[in-house]
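Listed below, chain by chain, are the residues.
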Amino acid sequence: MKEESFAEKTARERARAVLDPGTFRELLDPFARIESPHLPMQGLVPQSDDGLVIARGKIRDKDSLVLSLEGGFQGGSVGEVNGAKIAGALEAVLKQVRSGTLIFPVLLFDTGGIRLQEANLGLLAISEIHSAIVALRNFVPVIGVIAGQVGCFGGMGIAAALCSFLIGTEIGRLGLNGPEVIEQEVGASEFDSRDRILVWQTIGCRRRFDMGQIDKLVDDSVHAVASAVGETITGAVQAAGVGPARTRNLARQLQDIQEYPVADRMTLTASPPEPSRGLQWFNALTENYLPVAKGKSVLVEDVQWGNELVRAISVVPDPNARFPRARQGQVGLEEGWGIAQAIWEAIKSDEVRMRRALLAIVDVPGQAFGFHEEAVGIHLSLAAAVDAYIAARELGHPIVTLIVGKAISGAFLAHGLQASEILALHDERIEIHVMSEASVARVTRRSPKQVSELARIAPSTARDVRSFAELGGVDRLLRVNNPDLPDAQSVESVRREILEAIQRVRAVPTEPRTRLDLHSADVTRKMSRRVRQEIEKQWEEKRP
Amino acid sequence: MEPGSPAGSTVRVRTSVAGFQDQWLSIFRTFFERHDVAAAIEINDGGASPPTVQLRLEQALEESRQ
């Protein structure tokens, strides 16, 4: 008899399937009608659960919480409401495990990543999901399952890599950029999205398992997935403590990247890179006016500002980088792990003295879109950077971000968004968004003109810094004379702002989700707050 | 689908495809002729055709009676 497929089930059926029979209790169910207010205004039909099921219940008799994404609704994409459902539920579990009640969180991924119609709201939600997963990992294993027909991509690919234990099926795929997006950004010669065999050989869960990027590979059957989840929880109860995270295996991964053969596709970029604001501001703030050493795309420098030791980190273009798709300042394989390395160095050397501040200088045009990047596992590289920032913040390193140029999508998730305070230059050339307009047009099946008009009715899809600040994404906007070539006066005022931000963070240890409480988010992130309030209200009555 | 009021049934359809009003009406006429119920129905069509929705309505009613 053919086994019953797990991938073909709906999100709700999947959640029921991994829970012990009769223990399924749904929070914020469809009858609560907490749905996306952003889709109807764009002429799209919403769904009453926004494509996400929160279920409390028992697995092998242990108190558990299952979060299940519905790939059949908008490609399982993460917008404001379903993103807040995931982040809010994980935060609720965190509160419980911190007070000594053990609850096992299980994430059933089936998602293409950020919902492009809600863009920066999805980006903020995903950064909050990352933060909650890493915080939870200190108390309880976070179990992820890649079991759906969509796979798991974008910021949620990073979230999957952050899980303590990851289960995949033969049908599942895991990566950062989906093949369709790479094809749109770079061309079919880079990655042919219609070549199914190539796609699964490169990013399929079997491949990821062989590379050690997921922990368990099972058949696509209800029984196999439910057993794998159950065994993981039983095993975790017996094992003492939580195992080391794959996102912290720096030495091994950096070596793998160095040994990866890319030479066959190597062509050195002939033209010098565009002048980089990331480089200009890094040099100005660290008083390092020397030209950047060649072959380095992650710049790291410690500066002493009064009592504060500050480690500045910036990602800059490197025309000689080994991976051609990461030569214009993108965050690629070497950059993600490079950022992580710089942060872990600081964490280790500050074990017995005051934790130094970290300053992320952000001018990143995006993550690297490329075949080799996906083949090696760029989602893991970016997850390593995300993990390092969160770990540093939790240990008490004040983290401040300064946006001087572009802050885009996965690159921004990996470098900047986990800071306790975000400062940005008040300048019209700053861009903060999740995907190029051409790719948004292709994925959402709209014309490029419709896409750019959308920004007027849906501010979360706008690309300017003021709109992002209105979402509560920026703590302070800084005016300077010349953002391209900072003068002494501007540098001094920005430096003072950074120091003040560091002081504020030292005074009150904050998590990035308190950005949700910023006054600027009162209207724009109303739903993100409401979802959390509702979860809190229903939490006890849905106890299994 | 939820219980309706004694005053009768209500139906709300949200769809991104215009021009199918007649089909929707005939489906609900058939449904309420066949079943003597007072229901409050909300439909987000998610790209499904009216006949598919008709099938789902029957399934929902069956499930509600179990």
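Criteria and cut-off values
- Residues numbered from 1 in each chain as written.
- Chains lettered and ligands numbered in written order.
- Predicted model: local features only at pLDDT ≥ 70, side-chain atom pairs only at ≥ 80, totals over all residues.
- Heavy atoms only, no water.
- Pairing = 2+ DSSP bridges.
- Helix = DSSP H or I, 4+ residues; strand = E, 2+ residues; numbered from the N terminus.
- Axes fitted to C-alpha atoms, helices over the stretch in contact; angles between N-to-C directions.
- Contact = heavy atoms within 4.5 Å.
- Buried area = accessible area lost by both parts, 1.4 Å probe.
- Salt bridge = Lys/Arg side-chain N within 4 Å of Asp/Glu carboxyl O.
- Polar contact = N/O pair within 3.5 Å; in protein donor to acceptor, adjacent residues only side chain to side chain.
- Core = buried A, V, L, I, M, F, W, Y, C linked by side-chain atoms within 4.5 Å.
- Buried < 20%, exposed > 50% of the residue type's maximum accessible area, 1.4 Å probe, protein only.
- 1 Å grid on protein atoms, 1.4 Å probe; cavity = no way out; pocket = protein on both sides within 12 Å on 5 of 7 lines; lining within 4 Å.
- Points joined across faces, edges and corners; volume = space filled by probe spheres on them.
- Nonpolar A, V, L, I, M, F, W, Y, C, P; charged D, E, K, R; others polar.
- Right-handed = clockwise from strand over helix to strand, strands pointing away.
- Disulfide = S-S within 2.5 Å.
- Parallel < 35°, antiparallel > 145°, perpendicular 65-115°, else oblique.
- Phe/Tyr/Trp six-rings, centres within 6.5 Å; stacked < 30°, edge-to-face > 60°.
- Lys NZ or Arg CZ within 6 Å of the ring centre and 35° of its normal.

Caption draft 1: Geometry of the sheet that holds strand β1 (residues 25–27) of chain A. All names here are of chain A. Here seven strands make up an open sheet; going across it, the order is β1-β2-β3-β4-β5-β6-β7 and the pairing mixed. Of all the strands in the sheet, the pair left with one neighbour each is β1 and β7 (216–218). Looking at each pair of strands side by side, their axes are set apart by 25 degrees on average, direction ignored. With eight bridges joining them, strand β2 (residues 52–59) and strand β3 (residues 62–69) adopt antiparallel strand pairing. Following the sheet pairing, arginine 56 is matched in β3 by leucine 65. Sitting on the sheet, helix α1 (residues 11–18) is in contact with β1, β2, β3 and β4 (104–109), with an inclination near 160 degrees to β3.

Caption draft 2: Geometry of the interface of chain A and chain B. Taken together, the contact pairs eight residues of chain A with nine residues of chain B. In total, chain A and chain B occlude about 650 Å² of area from one another, counting both sides; carbon and sulfur atoms represent 44% of this. Considering only the surface of chain A that becomes buried against chain B, Phe31, Arg33 and Val45 of chain A emerge as the three largest contributors, covering 66% of it. Taken together, chain A and chain B are joined by three salt bridges. Across the pair glutamate 42 of chain B and arginine 33 of chain A runs a salt bridge, and its minimum N-O distance is 2.6 Å. Taken together, the links from chain A to chain B amount to five residue pairs in polar contact (both at pLDDT 80 or more).

Caption draft 3: Just the nonpolar core, in detail. Ranked by size, the top nonpolar core spans 174 residues in total, and within it Phe109, Met156, Leu285, Leu359, Leu402, Phe412 and Ile498 of chain A carry the most contacts. Top contributing element to this core by residue count: helix α13 (residues 378–395) of chain A, with twelve residues. For leucine 359 of chain A, the residues in contact, after removing those within four places along its chain, are Leu285, Trp305, Val310, Arg311, Ala312, Ile313, Val400, Leu402 and Ile498 of chain A. Core analysis: the second largest hydrophobic core is formed by ten residues, Ile27, Phe31, Ile41 and Ile43 of chain B among them.

Caption draft 4: Structural context of unusual backbone geometry. Notably, arginine 33 of chain A is not glycine yet its phi reads approximately 50 degrees, a positive angle. Take arginine 33 of chain A: it is sitting in the loop between β1 and β2.

Caption draft 5: Region of interest: the layout of surface pockets. Residue and element names in this part refer to chain A. Taken as a whole, the second largest pocket encloses approximately 1,100 Å³ of empty space. Gly75, Gly112, Glu180, Val181 and Val443 are the residues nearest the centre of the second largest pocket, which is lined by 37 residues in total. Of all the secondary structure elements, the ones that give two or more residues to the lining of the second largest pocket are α5 (179–186), α6 (196–203), α14 (409–414) and α15 (437–444). The class makeup of the residues in the lining of the second largest pocket is 14 nonpolar, 17 polar and six charged.

Caption draft 6: Representation of the pattern of salt bridges. All names here are of chain A. Taken as a whole, this structure holds 41 salt bridges over all chains when the rule is applied. A salt bridge links arginine 115 to aspartate 50; the shortest N-O distance between them is 3.0 Å. With arginine 115 in the loop between β4 and α3 (119–137) and aspartate 50 in the loop between β1 and β2, the pair connects residues that are 65 residues apart, well separated along the chain. In this structure arginine 115 comes out as buried when scored by relative accessible area, which is 0%. Among the ionic contacts, a cluster of salt bridges with common partners joins Asp302, Arg311, Glu345, Asp350, Arg353 and Arg356.

Caption draft 7: Geometry of the pairing of strand β5 (residues 143–146) of chain A. All names here are of chain A. Taking every second residue as pointing to the same face, both faces of β5 are buried, with Ile143 and Val145 on one and Gly144 and Ile146 on the other. Inspection of the sheet shows β4 paired to β5 by four bridges, in the parallel sense. The residue bridging phenylalanine 109 from the neighbouring strand is isoleucine 146, located in β5. Considered for its hand, the β-α-β crossover made up of β4, α3 and β5 is right-handed. The pairing of β5 with strand β6 (residues 165–169) spans four bridges and is parallel. Counterpart to isoleucine 146 in the pairing with β6 is glycine 168. Viewed along the sheet, the connection from β5 through helix α4 (residues 155–162) into β6 turns out right-handed.

Caption draft 8: Representation of the sheet that holds strand β2 (residues 10–14) of chain B within the structure. Residues and elements named next belong to chain B. Read across the sheet, three strands follow the order β1-β3-β2 without closing on themselves; strand pairing throughout is mixed. Pairing within the sheet leaves two strands with one partner each, and these edge strands are β1 (2–3) and β2. Contacts from helix α1 (residues 21–34) reach β2 and β3 (39–44), with the element oriented near 145 degrees to β2.

Caption draft 9: Expanded view of the state of the cysteines. All names here are of chain A. Counted under the stated rule, the structure contains zero disulfides over all chains. We note that cysteine 163 lacks a disulfide partner, and the nearest cysteine sulfur, in cysteine 152, lies 8.3 Å from it. A relative accessible area of 4% means that cysteine 163 is categorised as buried.

Caption draft 10: Geometry of the packing of α15 of chain A against helix α16 (residues 448–457) of chain A. Residue and element names in this part refer to chain A. Closest axis-to-axis distance for the α15/α16 pair is 9 Å, and the angle between their directions is 105 degrees. The angle between α15 and α16 falls in the class roughly perpendicular. Of α16, the residues touching α15 (which contributes Glu437, Val440, Ala441 and Thr444) are Pro448, Val451 and Ser452. Partitioned by chemical class, the residues of the contact of α15 with α16 number four nonpolar, two polar and one charged.

Caption draft 11: The packing of aromatic side chains, seen in detail. Inspection of the entire model under this criterion finds five aromatic pairs over all chains. One cation-aromatic arrangement involves arginine 56 of chain A over tryptophan 539 of chain A; the distance from NZ or CZ to the ring centre is 4.3 Å.

Caption draft 12: Region of the structure containing α15 of chain A. Residue and element names in this part refer to chain A. Within α15, the full set of buried residues consists of Ser439, Val440, Ala441 and Thr444. As for α15, its buried residues are in contact with α5 and α16. Looking at the residues trailing α15, positive phi occurs at arginine 445, about 55 degrees.

Caption draft 13: View of the environment of arginine 33 of chain A. When its relative accessible area of 30% is taken as the criterion, arginine 33 of chain A is described as partly exposed. For the pair arginine 33 of chain A and leucine 166 of chain A, spaced 133 residues apart in sequence, the C-alpha separation works out to 31 Å. Other than its neighbours up to four places away in sequence, arginine 33 of chain A contacts Ser48 of chain A together with Glu2 and Glu42 of chain B. A polar contact is formed between the side chain of arginine 33 of chain A and the side chain of glutamate 2 of chain B, at a distance of 2.6 Å.

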